[in-house]
Amino acid sequence: MSTGRHWREECGVVGIAAVEGASELASLALHALQHRGQESAGITVADGHRLLTHKRMGLVADVFDEGTTRALSGNWAIGHVRYSTAGGSNLLNAQPLQVASHRGTISLAHNGNLVNAHELRREMELQGSIFSTTSDTEVILHLLARHSGAQVEDALLEVLPRVKGAYSLVALTRDRLIAVRDPYGFRPLCLGRYRDSYVVASESCAFDIIGARYLRDIAPGEMVVLGDGELSSRQLPIKARERRCVFEHVYFSRPDSIVFGQHVESARRRSGEILGREAPADADLVCAVPDSSNTAALGYSRVTGIPFELALIRNHYVGRTFISPAQKVRDMSVRIKFNPVADVVAGRRVVMIDDSIVRGTTMRKLVKLMRAAGAAEVHLRIASPPVTNPCYYGIDTPVRNELIAASHSVDEIRTYLRVDSLAYLSLAGLREAAGDQDNHCDACFTGNYPVSFAEEPGRDAIERSAGVRIPVKALPADGEE
Ligand code: AMP
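The model shown is predicted, which means the values in this text are computed figures rather than measured ones. Starting afresh in each chain, residues are numbered from 1 along the sequence in its written order. Local features in this predicted model are restricted to residues of pLDDT 70 or higher, and side-chain atom pairs are both shown and tallied only at a pLDDT of 80 or more, whereas totals for entire chains, interfaces and linings draw on every residue. The side-chain values count all of the structure's non-hydrogen atoms but skip hydrogen atoms and water molecules.

Q: Before we go on, may I ask you to explain the packing of aromatic side chains in this structure?
A: Given two aromatic rings, their pairing is described by the distance between the two centres and the angle made by the two planes. Two aromatic rings, drawn from Phe, Tyr or Trp (for Trp, its six-membered ring), form a pair once their centres lie within 6.5 Å of each other, and the interplanar angle then sorts them: stacked below 30 degrees, edge-to-face above 60, tilted otherwise. Considering all chains together, one arrives at 7 aromatic pairs under this definition. Centre to centre, the rings of Y392 and Y449 are 5.4 Å apart; their planes meet at 35°, and the pair counts as tilted. Remark: Y449 occurs in the loop between α17 (443-446) and α18 (459-465) and Y392 occurs in the loop between β21 (377-382) and α14 (404-407); sequence separation between them is 57 residues. Of the two residues, Y392 and Y449, both sit in the buried class. Centre to centre, the rings of Y393 and Y449 are 6.2 Å apart; their planes meet at 70°, and the pair counts as edge-to-face. Within this pair, whereas Y393 is found in the loop between β21 and α14, its partner Y449 is found in the loop between α17 and α18, the two being separated by 56 residues in sequence. Elements are defined by DSSP. Helices are runs of H or I of four residues or more, strands are runs of E of two residues or more, and each kind is numbered from the N terminus. Each residue's exposure class comes from its accessible area (1.4 Å probe, protein chains only) as a fraction of the maximum for that residue type: buried when under 20%, exposed when over 50%, partly exposed otherwise.

Structure below.
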């Protein structure tokens, strides 16, 4: 995570304990987590004596080939994939972060975002600390380095209560792997069995690819220390009410994963079914905006009886829309990514299902493409509520004034998108779909932030603290691009 101006990131982490060929397994596992971050990839290995890190900008397949993984010899490994908005993206901030300290070399990889990283960093800088990245993960390393205790795990238990926000961490020493989740459990982290040892990963799909077996989630506030075939579990000395990120179920995690102890596929399918009951449409076919809303669309189709069709084809060889930082490029990449099947949609009333609307950019273009392909009517159903607030706990959402639903009503959004009808899943519906027992964070939909911050973090904090009034993004009028 980066504390610079462009700090929002989404990440995936893995850890392999005491297994021969750990770097190969870690690189395979990172392939399965590629959807969680496409900007940089890295692995640190340990062989009982020393640590070695290899990281580069790019996709896992670009960063690791047979040669690089073979050169990373050792039975211990942690890995990381990262994505941040482009301004903050550079190799310095790529993870894992490996440092030398008085208690030996340690490497750390982090999924999440700390909301008090700025304050802690400022405090330490005034005391003479020199930071070499803009990453909030480095703040944890500095806190660790200043702690006098001999064991990393003891030090972590004492310093982590100072950091606020979301963290699912994997740390590597020369002969131990440590995995920790923050007391709220914002981001996922699960434990698996591989032969007679253990592995950890953000999502269980990383276990499937290496033939490991999902055992359980690392609990919120739990620290698991993996030695040679051994596991010990400790608890951070802070209590909090569990707040798992509901957006993992909406969009972020893969449907073939178990996340927060639940199959993502079933939560997503339920969201489509509930959406179908809450907002049926009079239409001839249901289609998904592939791939993230495929499962919800199947659920919607089952409940409404409207046939599911593959009406929109996605080009899998271009990255996620969000990857392009400039709005112009983003607009273009929608066309590069999706193409309607004219034969399926021509003259028919289409219900399109998407998992979320963030800026509205993708959908406005898609609707235009659908109409150009001859759709008689385009109805839009969204399998989550309107995104009205930025996430400060590790999901990349744009600043508040770019979130279309932060400043526009559903009817205004319908007009902007030029759809015949628009409905979102209710918050109660989403909670039901995600099996919520008052243990989710839904701040992006409600503004109820479980961990408070002195000043709202993020890019618009800079403008706000300078007294600049942040203008609400004006929507182009009908007919305009
Ligand atoms: P937008 O064009 O800004 O409204 O983006 C909406 C699209 O982006 C939807 O199709 C979502 O599937 C996808 N999306 C939602 N949240 C994210 C995220 N955090 N990162 C990348 N893509 C996202």
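Back to the text.
Q: Even after reading the chapter, I still don't get the environment of R122, so can you show me in this structure?
A: Within the element layout of this structure, R122 appears in helix α4 (residues 117-126). C-alpha of R122 to C-alpha of V139: the two residues are 17 residues apart in sequence and 10.0 Å apart in space.

Q: Where do I start with the pattern of salt bridges in this structure?
A: Pairs may arise between side chains of opposite charge once their charged atoms sit close together. We define a salt bridge as a contact between a side-chain nitrogen of Lys or Arg and a carboxyl oxygen of Asp or Glu at a distance within 4 Å. Taken as a whole, this structure holds 25 salt bridges when the rule is applied. In this structure, R121 and E125 form a salt bridge, with 3.2 Å as the shortest nitrogen-oxygen distance. A residue pair is termed a helical-turn pair when its members lie 3 or 4 positions apart in one helix, as R121 and E125 do in helix α4 at 4 residues. Connected through salt bridges with shared partners, the residues R36, R187, E203 and E248 form a single ionic network.

Q: Looking at this structure, how should I read empty space enclosed by the protein?
A: Definitions used throughout: a 1 Å grid over protein atoms alone; a cavity as a set of points that fits a 1.4 Å probe which cannot get out; a pocket as an open set with protein on both sides within 12 Å along at least five of seven lines; a lining residue as one with an atom within 4 Å of a point. Grid points are joined across faces, edges and corners, and a volume is the space filled by probe spheres set on the points. Using the criterion set out here, one finds 5 cavities of 30 Å³ or more in the structure. Size it by volume and the largest cavity reaches roughly 100 Å³. Looking at the largest cavity, the residues that line it are R187, C245, F247, V387, C391, Y393, I395, T397, C441, D442, A443 and C444. Each residue is assigned to one of three groups, with Ala, Val, Leu, Ile, Met, Phe, Trp, Tyr, Cys and Pro labelled nonpolar, Asp, Glu, Lys and Arg labelled charged, and all others, Gly among them, labelled polar. Its residues placed into classes, the lining of the largest cavity shows 9 nonpolar, 1 polar and 2 charged.

Q: Which parts of the structure should I look at to understand α4?
A: An α-helix turns once per 3.6 residues; consequently, residues spaced three or four apart project the same way. When we look at burial in α4, the residues that qualify are A117, L120, R121 and M124. Taken around the axis of α4, the buried residues stretch over an arc of 100°, which confines them to a single face. Tucked into the core, α4 has its buried residues touching β6 (104-114) and α5 (136-146). Once α4 finishes, G128 follows within two positions and takes phi at roughly 105°, a positive value. Each direction from the helix axis to a C-beta atom contributes to the arc, which is the arc of those directions. Note on contacts: a residue pair qualifies if any of its non-hydrogen atoms lie within 4.5 Å across the two residues.

Q: Explain the sheet that holds strand β13 (residues 231-235) here, please?
A: For sheets, the rule is that strands pair by backbone hydrogen bonds, running either parallel or antiparallel. Paired strands, as defined in this entry, are two strands with at least two bridges between them according to DSSP. Within the open sheet, the 6 strands sit side by side as β5-β6-β7-β8-β12-β13. Their pairing is antiparallel. In this open sheet, the two edge strands, each paired with only one partner strand, are β5 (97-101) and β13. Within this sheet the neighbouring strands show an average axis-to-axis angle of 20°, counted without direction. Contacts between α5 and the sheet are confined to β5, β6 and β7 (165-172), with β6 contributing the most and set at about 135° to the helix. Lines fitted to the C-alpha atoms define the axes, with helices restricted to the stretch that makes contact. Angles between their N-to-C directions range from 0 to 180 degrees.

Q: Explain the pairing of strand β2 (residues 40-46) to me, please; I cannot follow it from the model alone.
A: Each regular strand displays side chains that alternate between the two surfaces of the sheet. Where burial is concerned, most of β2 is hidden: 7 out of the 7 residues are buried. Neither face of β2 is open: one carries S40, G42, T44 and A46, the other A41, I43 and V45, and all of them are buried. Here β2 pairs with strand β3 (residues 51-57) via 7 bridges, running antiparallel. Note that in β3 the partner of V45 across the bridge is L52. Once β2 ends, the chain turns through 4 residues before running back antiparallel as β3, passing G48 with a positive phi of about 95°.

Q: What's the story with the nonpolar core in this structure? I'm lost.
A: As a rule of thumb, nonpolar side chains are buried together in soluble globular proteins. Membership of the largest hydrophobic core comes to 40 residues, with the highest contact counts inside it found for F247, V286, Y300, V351, I353, Y393 and F445. Of all the secondary-structure elements, those providing two or more residues to this core are α8 (247-252), α9 (264-278), β17 (285-288), α10 (294-304), β20 (349-354), α16 (427-433) and α17. Here the element with the most residues in this core is α8; it accounts for 4 residues. In this structure, this core is formed jointly by two domains, domain 1 (11-242) and domain 2 (262-315 + 331-465), each of which donates at least three residues. In this view, V351 contacts A281, A283, L285, V286, C287, Y300, I306, H379 and R381; residues no more than four positions away in its chain are not counted. One finds V344, A375, L417 and Y424 within the second-largest nonpolar core, a separate group that totals 30 residues. Among the buried residues, those of types Ala, Val, Leu, Ile, Met, Phe, Trp, Tyr and Cys that are joined through side-chain atoms within 4.5 Å form a nonpolar core. Where each domain starts and ends comes from a domain assignment, either automatic or drawn from a database.

Q: Just to check I follow, could you spell out the packing of α4 against α5 for this structure?
A: Following both chains from N to C, one finds α4 and α5 inclined at 45°, their axes separated by 10 Å at the closest point. Looking at the two axes, α4 sits oblique to α5. Remark: the crossing between α4 and α5 carries left-handed chirality. Residues A117, L120, R121 and M124 of α4 lie in contact with α5, whose contacting residues are D136, V139, H142, L143 and R146. Throughout, the term roughly parallel applies to angles under 35 degrees, roughly antiparallel to angles over 145, roughly perpendicular to angles from 65 to 115, and oblique to all others. We call a crossing left-handed when the near helix sits turned anticlockwise from the far one by less than a right angle, and right-handed when that turn is clockwise.

Q: Could you clarify how one ought to interpret α5 in this entry?
A: Of all 11 residues in α5, 9 are buried, a share of seventy percent or more. The set of residues buried in α5 consists of D136, T137, E138, V139, I140, L141, H142, L143 and L144. Looking at the buried side of α5, the elements it contacts are β5, β6, α4, α6 (152-159) and β7. Of the residues that open α5, the one with a side-chain oxygen 3.0 Å from the backbone nitrogen of T137 is S135. Polar contacts here mean pairs of N or O atoms no more than 3.5 Å apart (in protein, one a potential hydrogen donor and the other a potential acceptor; neighbouring residues in sequence count only if both atoms are side-chain atoms).

Q: How do you make sense of the sheet that holds β21 when you look at a structure like this?
A: With parallel pairing, 4 strands are arranged side by side in an open sheet as β17-β20-β21-β22. In this open sheet, the two strands that pair with only one neighbour each are β17 and β22 (421-424). Adjacent strand axes in the sheet meet at a mean angle of 20°, parallel and antiparallel pairs treated alike. As paired strands, β21 and β22 are joined by 4 bridges and run parallel to one another. Each residue of the ladder has a partner; that of L380, found in β22, is L422. Here α10 sits on the sheet in contact with β17, β20 and β21, set at roughly 165° to β17. Across the face of the sheet, helix α15 (residues 410-417) comes into contact with β21 and β22 while running at roughly 130° to β22.

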